[in-house]
Amino acid sequence: MKLLVQSDDYGLTKAIVDGCCDAFENGVLRNTGIFMNMPATEYAVSKMEDFPEICFGIDINVSTGFCVANKELLPHLVKPETGEFIQVSERIKDPDFAKTCYRPYDEVLIEAKAQIEKFIQMVGKKPEYVQTHSSSGEQEYICALSDIAKEYDLPFKVDICKKYDFKIVQECGLFEKYHNEYHISMSPKEAQKKVNPYTMENQMLCEVKPTFRMLQKLFDEGAEYVYLGSHCGYLSADLFQYSRCSINRVYDHEMLTSSQIQKWVQEKHIELITYRDLVE
């Protein structure tokens, strides 16, 4: 089995960065995407040179924090007076929300390009892959990221998973009912209509065992390529202003650094891969 272990939101807060760095050193985490528009971005970049073996991509964020592109070019994405992205919790108060494409292709493309260019400026090279953030399957947004990835000749996670027929184990810290009853048979968006994994009560039910069982099941079935997604990190007070996904991040960190997972990877001769291994 070739296992691609990824954690999103690197750079969201300093605590998230520190949690990811610990999982690089003491766990199985090998891929992470950075936010280029958050207060902890500079701190996140400063840590990258310490981990040359890690594949650093970019999470194109158009849902929290402030835009990188000219705010006047993004009338549907940001608040015109500040350039701050309009969050979904605010969007749903609009009675026409369900009828509109609130992240239109052209504006996403402009912001995505600006974020990639900022990455190149700060890091000195291109990101190694492109990842969505809080997309909920929105086709305009996903198409824009697929196209910007092609423009910069970068792997796009959604396209890569389709190309290599990855079996996806998403949200490694979420509670067992979500995993066992919904995840494999439904898309994350469909599953979350039935069970909201981001309530505080549900996040407190997170544990390592369900993820391990799913990985073992896929191994027994002979899966060749498996994607293990996560949101690894430590908790800090500033996280709560940016994300609903909070407590389960520490469970993701526990899973990625657990002796159980590391022993399993070693004993089963699992190959931990990065996007570098998937570029032809």
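The coordinates are above.
Everything quoted here is computed from the prediction, not taken from an experiment. (Residues numbered from 1 in each chain as written. Predicted model: local features only at pLDDT ≥ 70, side-chain atom pairs only at ≥ 80, totals over all residues. Heavy atoms only, no water.)

Q: So what's going on with the overall build of the protein? Residues and values would help.
A: From N to C terminus, the protein includes 12 helices and 7 strands. With 280 residues in all, the protein has 54% of them scored as buried. Sequence separation of 24 or more characterises 75% of the internal contacts of the protein that already satisfy a separation of 6 or more. Looking at the protein as shown, the accessible area adds up to about 12900 Å², and 51% of this sits on carbon and sulfur atoms. (Helix = DSSP H or I, 4+ residues; strand = E, 2+ residues; numbered from the N terminus. Buried < 20%, exposed > 50% of the residue type's maximum accessible area, 1.4 Å probe, protein only. Contact = heavy atoms within 4.5 Å. Areas by Shrake-Rupley, 256 points an atom, 1.4 Å probe, with all protein chains shown as cover.)

Q: Let's hear about helix 2 (residues 41–48): which residues, and what values?
A: One turn of an α-helix holds 3.6 residues; hence residues three or four places apart share an orientation. The set of residues buried in helix 2 consists of Thr41, Ala44, Val45 and Met48. Angularly, the buried residues of helix 2 cover 100° about the axis, an arc narrow enough to put them on a single face. (Arc of directions from axis to C-beta.)

Q: Tell me about the pairing of strand 2 (residues 31–34), residues and numbers included.
A: Residues Asn31 and Gly33 of strand 2 are buried on one face, and the alternating residues Thr32 and Ile34, pointing to the opposite face, are buried as well. Bridge count between strand 1 (residues 2–10) and strand 2: 3 bridges; the pairing is parallel. Across the sheet, the residue bridging to Tyr10 is Ile34, located in strand 2. A crossover connection joins strand 1 to the parallel strand 2 through helix 1 (residues 14–26); in handedness this β-α-β unit is right-handed. Here 4 bridges tie strand 2 to strand 3 (residues 55–59), and the two strands are oriented parallel to one another. Counterpart to Gly33 in the pairing with strand 3 is Gly57. (Pairing = 2+ DSSP bridges. Right-handed = clockwise from strand over helix to strand, strands pointing away.)

Q: An account of the layout of surface pockets is needed here, citing residue identities and associated values.
A: Considering only enclosed or pocket space, the second largest pocket measures out at about 370 Å³ in volume. What lines the second largest pocket is a set of 17 residues, among which Asp153, Leu154, Pro155, Ile160 and Val279 lie closest to the centre. Among the elements of the structure, helix 5 (139–151) and helix 6 (157–163) are those that each provide at least two residues to the lining of the second largest pocket. The class makeup of the residues in the lining of the second largest pocket is 8 nonpolar, 1 polar and 8 charged. (1 Å grid on protein atoms, 1.4 Å probe; cavity = no way out; pocket = protein on both sides within 12 Å on 5 of 7 lines; lining within 4 Å. Points joined across faces, edges and corners; volume = space filled by probe spheres on them. Nonpolar A, V, L, I, M, F, W, Y, C, P; charged D, E, K, R; others polar.)

Q: Which residues make up a negative patch on the surface, and what values do they have?
A: On the surface, Glu25, Glu49, Asp50 and Glu53 cluster together into a patch of negative charge. Positionally, Glu49 belongs in the loop between helix 2 and strand 3. (Patch = residues over 30% accessible without salt bridge, like charges linked within 9 Å, V, L, I, M, F, W, Y side chains within 5 Å. Salt bridge = Lys/Arg side-chain N within 4 Å of Asp/Glu carboxyl O. Lys, Arg positive; Asp, Glu negative; His and termini not counted. Charge placed at Lys NZ, Arg CZ, Asp CG, Glu CD.)

Q: Pulling in residues and values, what's your account of helix 11 (residues 248–257)?
A: With 8 of its 10 residues buried, helix 11 lies for the most part within the structure. What helix 11 keeps buried is the set Asn248, Arg249, Tyr251, Asp252, His253, Met255, Leu256 and Thr257.

Q: Go over the pattern of salt bridges with me, naming the residues and quoting the values.
A: With the rule as written, the count across this model stands at 10 salt bridges. Its salt-bridge partner being Glu221, residue Lys217 comes within 2.6 Å of it at the nearest N-O pair. Judged by its relative accessible area of 52%, Glu221 falls in the exposed class. Glu267 is the salt-bridge partner of Lys263, the closest N and O atoms lying 3.9 Å from each other. Residue Lys263 and its partner Glu267 are both found in helix 12 (residues 259–267); the two are separated by 4 residues, about one turn of the helix.

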